[in-house]
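If you want the building blocks of each chain, they are given just below.
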Amino acid sequence: MTTEHPSDHALAQRLQQLPAQRTPPAAVWEAIAAGIGTSQPADAPSSTVPTPLPVRQRPRWRTPVAWAMAASVAVLAVAMWPRPAQPPGPAPTASVLVRQADAMAGEYRQAIAALPAGQVPAEIRPALHELDTSAAAIRVALGRQPDATFLLDQLRRTYAKRLELTRMAAREATAATAT
Amino acid sequence: MKSVLSVLLLLSVAAPAMAQSTVNERHPLASGGRVELDNLAGEIRVRGTTGNEVTLTGTLGEGQRLEVESSANRVQLRVVYPQRSGHSEGARLELRVPRGALLQAQSVSGQVDIAEVDLSRLQAQTVSGSLVAAGRAQESQLSTVSGSLQARLVTQRLRANTVSGRLSIGEGAGGDLGLESVSGGLSLKAGTLSRLRAQTVSGSQDIAVGALAPGGSIGLETVSGSVSLQLPRDVSAQLRVETFSGDIQSDAGQVQRPEYGPGRSLDARLGGGNGDVTVDSHSGSVRVRRGG
């Protein structure tokens, strides 16, 4: 699960090459002010950031019901993958970090779409949902705080985990059909 | 009629036992050799041994078989499950590993329970099963997806990650620590740290640091999870906290708010200001305490 695939490495290298510069303060405040105008006051509780759904009760591994309910990896991945960032409010220009987030999402979406189709084990499905929900929450946060480099790193980490688990699901599905 | 019922009852009780088979493997391992065990369900129990032999005992469920590859420097053990194993019990195995070995234990839904070991390197992972690791390991890498992860390891380098499982690291861990979670809560009671990086998305962080080595660094990041950080009273570090909408409470320093726009920050010198402690949060609250 923690073994890095060669294509992961290449992808990580490409992502690291993306510029890590910060938006100048003036542009930052313009973007934040635009976001605040249509979203929430600064003191609003954190619950406005979508909270990932709780983990469902774990079904048994490879039960017939689980397999029957499992969806295709490719279909699930592509269908559930977050679309390019939709920050709240009319941001005049997307920040550098938001553009990087878009580029990163596109890279990972392609990487996942390239994986062989298969069934997602029931054990992994809640985690994939959790990761997608979290990625969406990070992108909303990035829309509100477009100079926060740590959020971009959080997004990269979340996407990397999503790719890793999707790859594991595909591998398990392949192994199950081969035995 | 009564005797027929008795026989049927006996058979029904004995059937699961008959479907099981026992495992009793012994393999010599050179000093510093590598041991790998892969069992997707059931239980993996690992204990240390003073000898130079790897042993594996326990039971396999119906239709399961054990694949073994062994050389002087490496022992690989893998339980192969039948394609349709939904109703069969997972294998329950106990592995004994010599001191100084490299251990890699993998499961999917099975529990992994490691204790009383003294390893040069420990790698353990499971998906939905729980993972417990105790003992000593020079370096450790632990991972779950939704299962809880609990470590009471004496280690100088630890990487632990989960998606939604609870991550709990007890005393003994020190040196260089990297902890990651998405929604699972994270708690750490660390010894002396040279470097700590903890990241969660919505999971909370509850961190107590025994000591910070000279020039050491602590970096905590969260999107919406709360952060509680307890530092030693005599810590020497520059403390920086930034949030977008989360609250900040701190024993040291003054929380600053810009005249316009959101955000809170705190920048304070603790002691000589030798190390670095930074906390970045988007909407999660941050609390920093010293001593206690």
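Residues numbered from 1 in each chain as written. Chains lettered and ligands numbered in written order. Predicted model: local features only at pLDDT ≥ 70, side-chain atom pairs only at ≥ 80, totals over all residues.

**Here's the deal with helix α6 (residues 125–144) of chain A**
The terminal C-alpha atoms of α6(A), which comprises 20 residues, lie 29 Å apart, in line with the 28 Å expected from a rise of 1.5 Å per residue. The buried fraction of α6(A) is high, at 19 of 20 residues. (Helix = DSSP H or I, 4+ residues; strand = E, 2+ residues; numbered from the N terminus. Expected span 1.5 Å × (residues − 1). Buried ≥ 20, exposed ≤ 12 C-beta atoms within 10 Å, placed from the backbone.)

**Here's the deal with the environment of L131(A)**
As for its position among the elements, L131(A) is in helix α6. The class of L131(A) is buried, set by 28 C-beta atoms lying within 10 Å. In sequence terms L131(A) and A173(A) are 42 residues apart; their C-alpha atoms lie 20 Å from each other. In this structure, L131(A) is in contact with T158(A), K161(A), R162(A), V163(B) and V182(B), ignoring residues within four places of it in sequence. (Contact = placed C-beta atoms within 7 Å.)

**With respect to the domain arrangement of chain B**
Here the domain parsing of chain B yields domain 1 (19–125) and domain 2 (166–292). Between domain 1 of chain B and domain 2 of chain B, the C-alpha centre-to-centre distance is 38 Å. (Domains from an automatic or database assignment.)

**Quick notes on the confidence of the model for chain A**
All names here are of chain A. Averaged over all residues, the pLDDT of chain A equals 65, while 45% of them reach at least 70. Per-element confidence in chain A is highest for α6, whose mean pLDDT is 94, and lowest for helix α2 (residues 25–38), whose mean pLDDT is 39. Counting contacts from residues 19–80, a segment whose pLDDT is below 50, to residues more than four positions away or on other chains yields 122 contacts. Across residues 83–87, where pLDDT falls below 50, the model places eleven contacts with residues more than four positions away in sequence or in other chains. (pLDDT = per-residue confidence, 0-100.)

**A look at the environment of Q249(B)**
All names here are of chain B. Positionally, Q249 belongs in strand β18 (residues 248–250). With 13 C-beta atoms counted inside 10 Å, the residue Q249 sits in the partly exposed group. For the pair Q249 and G263, spaced 14 residues apart in the sequence, the C-alpha separation amounts to 14 Å.

**Section: the environment of V223(B)**
Residue and element names in this part refer to chain B. Examined against the element boundaries, V223 turns out to sit in the loop between β15 (205–222) and β16 (227–231). The buried category is assigned to V223, around which 32 C-beta atoms lie within 10 Å. The spacing of V223 and R136 is 87 residues in sequence and 33 Å in space, taken between C-alpha atoms.

**Here's the deal with unusual backbone geometry**
Residue and element names in this part refer to chain B. Phi at E116 is positive, roughly 55 degrees, even though this residue is not glycine. Assignment of secondary structure puts E116 in strand β9 (residues 111–125). The exposure class of E116 is exposed, given the 12 C-beta atoms found within 10 Å.

**What to know about the packing of helix α5 (residues 96–113) of chain A against α6(A)**
Residue and element names in this part refer to chain A. Following both chains from N to C, one finds α5 and α6 inclined at 155 degrees, their axes separated by 9 Å at the closest point. Taken as axis vectors, α5 and α6 run roughly antiparallel relative to one another. Of the two possible hands of crossing, α5 and α6 adopt the one that is left-handed. Contacts from L97, V98 and A101 in α5 reach R139, L142 and G143 in α6. Residue classes in the contact of α5 with α6 are distributed as four nonpolar, one polar and one charged. (Axes fitted to C-alpha atoms, helices over the stretch in contact; angles between N-to-C directions. Parallel < 35°, antiparallel > 145°, perpendicular 65-115°, else oblique. Left-handed = near helix turned anticlockwise from the far one by under 90°. Nonpolar A, V, L, I, M, F, W, Y, C, P; charged D, E, K, R; others polar.)

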